[in-house]
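Notes for the structure review
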Amino acid sequence: MPTRTYQVSTPAGDVPVNVTESGAGGRPVLLLHGGAGPDSVTGFGGALAGRFPFRVLSPVYPGFSGTARPGWLDSIGTLAVVLRGLLEDLDLTDVIVAGSSIGGWVAAELALAAPERVGRLVLIDPAGLDSADHPIADFFSLTPDQLADLSWANPEGHRIDPAAMPEAQRAILLGNREALLAYGGRSMGDPTLAARLGGITAPTLVIWGEADRIVTPGYGKEYAAAIPGAVFRMVPAAGHLPQLENPEAVLGLLDR
């Protein structure tokens, strides 16, 4: 899958954004990764392009995967401004915007910031909601094993040991973590988001892994209820990343 760097125009200046593209053409899909980085959606992007007549574009957020992040790019809202600039520079409309985890949060902000370009919205276990009834797990306090236990329906096979990784890979993980903190804050929530979600006009599908204990299905139902007309669907045998753990089920929901 080819990767290209776009110089995206924003009011604060140009920002380089690496974008991996798959598919022979067709309707554009902007596929947004979560805090785990682009690997959390890359394979699923290929599956999307293989199943549907889509042109799938998967950007890397500045600061992830060893890329540079300008100091002013320090919130989900400012990241949405950059992605709006990407859609404008590429002159894309009627885009299906799909996002996983914080990528779902970014997708929701993008739908609010660029309603004339977002045709449909797919939110996969998104973060961003400040819920008193269903609080998000404190990601930054978790050990790798605790994170695996909360993230996956079947954690075995998904555990990582940073100490066993090459130094370059550890550096990327640390950079991803720092970028995640800069964008989402420690709480991974915005107290203003719930009220603003009512302004989303794109038809929205909210997908949730039934075993997600980072952001629970109850949190997901609350998220969907805040978006006018949103449809909520659960994915069995999956946790926080159902597009990785049960991709066929996710593709089946999109098929409908």
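The structure contained in this document is the topic of the report that follows. Keep in mind the model is a prediction, meaning the values are calculated, not measured.

1. Points about the side chain of Ser58
Summarising the element assignment, Ser58 is placed in strand 4 (residues 54-59). The buried category is assigned to Ser58, whose relative accessible area is 11%. Here Ser58 is in contact with Asn18, Val19, Thr20 and Leu31, once residues within four sequence places are set aside.

2. Re the packing of aromatic side chains
Aromatic ring pairs are defined here through the distance separating the ring centres and the angle between the ring planes. Evaluated as defined, the whole model comprises 8 aromatic pairs. Ring centres of Tyr61 and Phe64 lie 5.8 Å apart, and the angle between their planes is 85°; on these two criteria the pair is classed as edge-to-face. Judged by relative accessible area, Phe64 falls into the buried class, the value being 0%. Ring plane angle 45° and centroid distance 6.1 Å describe the contact between Trp208 and Tyr219, whose orientation is recorded as tilted. In this pair, Trp208 sits in strand 9 (residues 204-209) while Tyr219 sits in helix 7 (residues 217-225), placing the two residues 11 residues apart along the sequence. A single burial state applies to Trp208 and to Tyr219, both of which are buried. Aromatic ring contacts, followed pair by pair, group Trp208, Tyr219, Tyr223 and Phe232 into a single cluster.

3. Brief notes about the side chain of Glu109
If you trace the backbone, Glu109 turns up in helix 3 (residues 102-113). Judged by its relative accessible area of 10%, Glu109 is buried. A distance of 2.7 Å separates a polar atom in the side chain of Glu109 from a polar atom in the side chain of Arg196. Filtering out sequence-adjacent residues up to four positions away, Glu109 remains in contact with Ile76, Ala80, Asp190, Leu193 and Arg196.

4. Comments concerning the pattern of salt bridges
Any two side chains of opposite charge can pair, so long as their charged atoms come close to each other. For the structure shown, the criterion picks out 12 salt bridges. Note that Arg159 is salt-bridged to Asp145, the shortest N-O span being 3.4 Å. Within this pair, whereas Arg159 is found in the loop between helix 4 (144-151) and helix 5 (167-184), its partner Asp145 is found in helix 4, the two being separated by 14 residues in sequence. On the accessibility criterion, Asp145 (41% relative accessible area) is partly exposed. Between Asp149 and Arg159 there is a salt bridge, and its shortest N-O distance comes to 2.6 Å. Separated by 10 residues along the polypeptide, Asp149 in helix 4 and Arg159 in the loop between helix 4 and helix 5 bring together distant segments of the chain. Connected via shared salt-bridge partners are Asp145, Asp149, Glu156 and Arg159.

5. Remarks on the packing of helix 1 (residues 42-51) against helix 9 (residues 247-255)
Here helix 1 crosses helix 9 at 45°, and the two axes come no closer than 11 Å. Compared by their axis directions, helix 1 and helix 9 come out oblique. Where helix 1 crosses over helix 9, the two elements pack in a sense that is right-handed. Within the contact between the two elements, helix 1 uses Phe44, Ala47, Leu48 and Arg51 and helix 9 uses Pro247, Glu248, Val250, Leu251, Leu254 and Asp255. Along the lines of polarity and charge, the residues of the contact of helix 1 with helix 9 split into 7 nonpolar, no polar and 3 charged.

6. Side note on the environment of Thr78
Here Thr78 shows up in helix 2 (residues 76-89). Linking Thr78 and Glu109, residues 31 residues apart in sequence, is a C-alpha distance of 9.4 Å. The residues touching Thr78, leaving out its near neighbours within four places in the chain, are Trp72 and Leu73. Within the structure, Thr78 has its side chain in polar contact with the backbone nitrogen of Asp74 (distance 3.3 Å).

7. Description of the sheet that holds strand 9
Consider a sheet: its strands pair through backbone hydrogen bonds, and that pairing is either parallel or antiparallel. Taken together, the 8 strands give an open sheet; going across it, the order is 1-2-4-3-5-6-9-10, and neighbouring strands pair in mixed fashion. Edge positions in the open sheet fall to strand 1 (3-8) and strand 10 (231-235), since each of these has one partner strand only. On average, each strand axis in the sheet is inclined to that of its neighbour by 25°, with strand direction left out of account. Relative to strand 6 (residues 118-124), strand 5 (residues 95-100) runs parallel, the two sharing 6 bridges. Note that in strand 6 the partner of Ala98 across the bridge is Val122. Most of the contacts of helix 2 go to strand 1, to which it runs at about 105°, and overall it touches strand 1, strand 2 (15-22), strand 3 (27-32), strand 4 and strand 5. Seen against the sheet, helix 7 touches strand 6, strand 9 and strand 10 and runs at an angle of roughly 175° to strand 9.

8. Let's talk about the environment of Arg69
Within the element layout of this structure, Arg69 appears in the loop between strand 4 and helix 2. On the basis of relative accessibility, which here comes to 33%, the residue Arg69 falls in the partly exposed class. On a C-alpha basis, the gap between Arg69 and Val17 in space is 9.9 Å, while along the polypeptide they are 52 residues apart. Excluding its chain neighbours within four sequence positions, the residues that come into contact with Arg69 are Pro62, Gly63, Asp74, Ala182 and Tyr183. Here the side chain of Arg69 touches Leu73 through a polar contact of 2.9 Å, landing on its backbone oxygen.

The rules behind each value
- Counting from 1, residues in each chain are numbered in the order their sequence is written.
- Given that this is a predicted model, residues contribute local features only at a pLDDT of at least 70 and side-chain atom pairs are listed and counted only at 80 or more, while totals for whole chains, interfaces and linings are drawn from all residues.
- To obtain the side-chain values, all non-hydrogen atoms of the structure were included, while hydrogens and water were left out.
- Under the DSSP-based scheme used, a helix requires at least four consecutive residues in state H or I and a strand at least two consecutive residues in state E, with every element numbered from the N terminus.
- To sort residues, take the accessible area from a 1.4 Å probe on protein chains only and compare it with the maximum for the residue type: under 20% means buried, over 50% means exposed, and anything in between is partly exposed.
- Pairs of residues are marked as contacts when any of their non-hydrogen atoms sit within 4.5 Å.
- A pair of aromatic rings is counted whenever rings of Phe, Tyr or Trp (Trp by its six-membered ring) have centres within 6.5 Å, and the orientation is called stacked for planes under 30 degrees apart, edge-to-face for over 60 and tilted otherwise.
- In protein, a polar contact means a hydrogen-donor-capable atom and an acceptor-capable atom, both N or O and within 3.5 Å, with residues adjacent in sequence counting only if both atoms are side-chain atoms; elsewhere, any N or O pair within 3.5 Å suffices.
- Salt bridges are defined as contacts in which a side-chain nitrogen from Lys or Arg sits within 4 Å of a carboxyl oxygen from Asp or Glu.
- To get an axis, a line is fitted to the C-alpha atoms, and for a helix only the part in contact is used. The angle between two axes follows their N-to-C directions and goes from 0 to 180 degrees.
- Here roughly perpendicular refers to angles of 65 to 115 degrees, roughly parallel to angles under 35, roughly antiparallel to angles over 145, and oblique to all remaining angles.
- For any helix crossing, the convention is left-handed if the near helix is rotated counterclockwise from the far helix by under a right angle, and right-handed if that rotation is clockwise.
- Side-chain classes follow a simple rule in which Ala, Val, Leu, Ile, Met, Phe, Trp, Tyr, Cys and Pro form the nonpolar group, Asp, Glu, Lys and Arg form the charged group, and the remainder, Gly included, forms the polar group.
- Strands were regarded as paired on the criterion that DSSP finds at least two bridges between them.

From the geometry alone we can't say anything about function, so treat these as descriptive.
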